Amino acid sequence: MAGHSTGAFAVDPVLSPRGGPLYLQLKRWIEDAVHAGAVRPGDALPSERDLAVKADVSRVTVRKAVQHLVRDGVLVQRHGSGTFVAPQPARVEQSLSQLTSFTEDMARRGMSVRAVWLDRGLYAPSPEETVTLGLSAGDHVARIARLRLAGDTPLAIERAALSAAVLPDPQAIESSLYAHLERRGNRPVRAIQRIRAAALGEGDARLLDVPVGAASLNIERISYLASGRVIEFTRSIYRGDTYDFVAELRLGEQPQNGSRR
Ligand code: GLP
């Protein structure tokens with residue numbers, strides 16, 4: 001389809017002289033078309049000259065908008081053949097009410113999982129790990145850090161800390177931490193999860209194959225055994241462009257009539 005205007009690119013963008021810098025307006029117009037699915041990954045962007053005519057702006061303005069979109073990973077440039085809508089990863093919908101593992105979440109969607117091990121070993125715990133995991137003086141902590149992929153798409157970086165008493169040999173984990181813990185009767189049954197928005201720094205962005213500064217969801221999970229003991233303290237960084245966290249909300253109990261707070 002290269003060279004043809006498809007979908008939203010077939011209509012002309014309307015830029016307003018009072019709507020801020022023209023290159024930003026044009027950038028937003030293209031971005032909106034991509035995110036709304038009006039143009040598909042692999043669709044060719046009209047040529048710089050055609051876009052300049054369509055939007056009634058200079059080619060310099062078009063070039064600037066395109067440069068920013070390439071930097072943000074929305075468009076890709078292929079030498080000699082033009083500029084295209086970049087592949088958009090499929091979004092993953094994740095329930096917030098089930099205590100599941102990454103492997104189970106992906107299996108339910110029929111996706112194969114893969115991990116690139118970034119670290120695994122026994123360490124002297126940090127003060128935060130000591131407090132969170134309830135360790136005693138002289139105890140060690142098992143740390144495992146993985147880049148987690150579904151198919152070839154990197155989705156998350158997960159850094160978990162567990163007491164060395166429950167995970168004495170981190171090398172023994174095959175692919176799923178929870179499957180490993182389950183085999184030893186240590187699968188968590190409850191967890192508290194805290195989710196925070198963040199922008200990706202250089203190292204994490206490179207691992208997740210997205211531009212520096214892209215949005216991420218930082219998730220901290222502290223999970224517990226049935227006995228109430230903390231078993232896992234994990235910090236995960238999920239790509240913001242791939243995850244929708246979904247929670248079911250129910251109407252809470254209404255205060256009784258006349259009850260005081
Ligand atoms: C999720 C959680 C992590 C947990 C992991 C276990 O991704 N955010 O806290 O450690 O699942 O996944 P797996 O059993 O696939 O290693």
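About the cut-offs
- Residues numbered from 1 in each chain as written.
- Predicted model: local features only at pLDDT ≥ 70, side-chain atom pairs only at ≥ 80, totals over all residues.
- Heavy atoms only, no water.
- Helix = DSSP H or I, 4+ residues; strand = E, 2+ residues; numbered from the N terminus.
- Contact = heavy atoms within 4.5 Å.
- Polar contact = N/O pair within 3.5 Å; in protein donor to acceptor, adjacent residues only side chain to side chain.
- Axes fitted to C-alpha atoms, helices over the stretch in contact; angles between N-to-C directions.
- Parallel < 35°, antiparallel > 145°, perpendicular 65-115°, else oblique.
- Left-handed = near helix turned anticlockwise from the far one by under 90°.
- Nonpolar A, V, L, I, M, F, W, Y, C, P; charged D, E, K, R; others polar.
- Buried < 20%, exposed > 50% of the residue type's maximum accessible area, 1.4 Å probe, protein only.
- Arc of directions from axis to C-beta.
- 1 Å grid on protein atoms, 1.4 Å probe; cavity = no way out; pocket = protein on both sides within 12 Å on 5 of 7 lines; lining within 4 Å.
- Points joined across faces, edges and corners; volume = space filled by probe spheres on them.
- Near = heavy atom within 4 Å.
- Areas by Shrake-Rupley, 256 points an atom, 1.4 Å probe, with all protein chains shown as cover.
- Sits in = over half its atoms within 2 Å of the grid points.

### Some thoughts on the environment of R120
Mapped onto the secondary structure, R120 falls in strand β4 (residues 113–123). Taking C-alpha positions, R120 is 9.7 Å from I173, a pair spaced 53 residues apart along the chain. In contact with R120, other than residues within four places in its own chain, are R143, I144, P170, Q171, A172 and I173. Within the structure, R120 has its side chain in polar contact with the backbone oxygen of P170 (distance 3.1 Å). For R120, the side chain forms a polar contact with the main-chain oxygen of I173, separated by 3.1 Å.

### Some thoughts on the packing of helix α1 (residues 22–35) against helix α3 (residues 59–71)
Where α1 contacts α3, the axes come no closer than 8 Å and their chain directions differ by 50 degrees. By the angle class used here, α1 and α3 are oblique. For the element pair α1 and α3, the recorded crossing hand is right-handed. In this structure, α1 contributes L22, Y23, L26, K27, I30 and E31 to the contact, and α3 contributes T61, V62, K64, A65, H68 and L69. Here the contact of α1 with α3 is built from residues that sort into seven nonpolar, two polar and three charged.

### Side note on helix α2 (residues 48–55)
Looking only at α2, the buried set comprises L51, A52, K54 and A55. Mapping the buried residues of α2 onto a view down its axis gives an arc of 165 degrees, with all of them on the same face. Exposed positions of α2 whose direction lies more than 90 degrees from the buried face are R49 and V53. Contacts from the buried residues of α2 go to α1 and α3.

### Observations concerning the layout of surface pockets
Of the pockets and cavities examined, the largest pocket occupies roughly 770 Å³. Considering the residues around the largest pocket, the lining is formed by 26 residues, among which G73, Q88, P89, R239 and D241 are closest to the centre. Considering the residues around the second largest pocket, the lining is formed by 29 residues, among which L99, T100, Y178, Q193 and R221 are closest to the centre. The element that contributes the greatest number of residues to the lining of the second largest pocket is strand β9 (residues 230–239), accounting for four residues. Classifying every residue of the lining of the second largest pocket by side-chain character gives 11 nonpolar, 11 polar and seven charged.

### Observations concerning the site of the ligand
Taken together, 15 residues sit near the ligand, with T103, E158, S176, L177 and E232 positioned nearest. Within the contact set of the ligand, an oxygen atom lies 2.5 Å away from a side-chain nitrogen or oxygen of E232. Relative to its free-state accessible area of 400 Å², the ligand is covered by the protein chains to the extent of 99%. A majority-of-atoms criterion places the ligand in the second largest pocket. If you list the elements that add at least two residues to the shell around the ligand, you get α4 (102–108), β5 (141–150), α6 (177–183) and β9. Element by element, the count of residues in the shell around the ligand is highest for β9, at four residues.

Coordinates in, geometry out; function isn't part of it.
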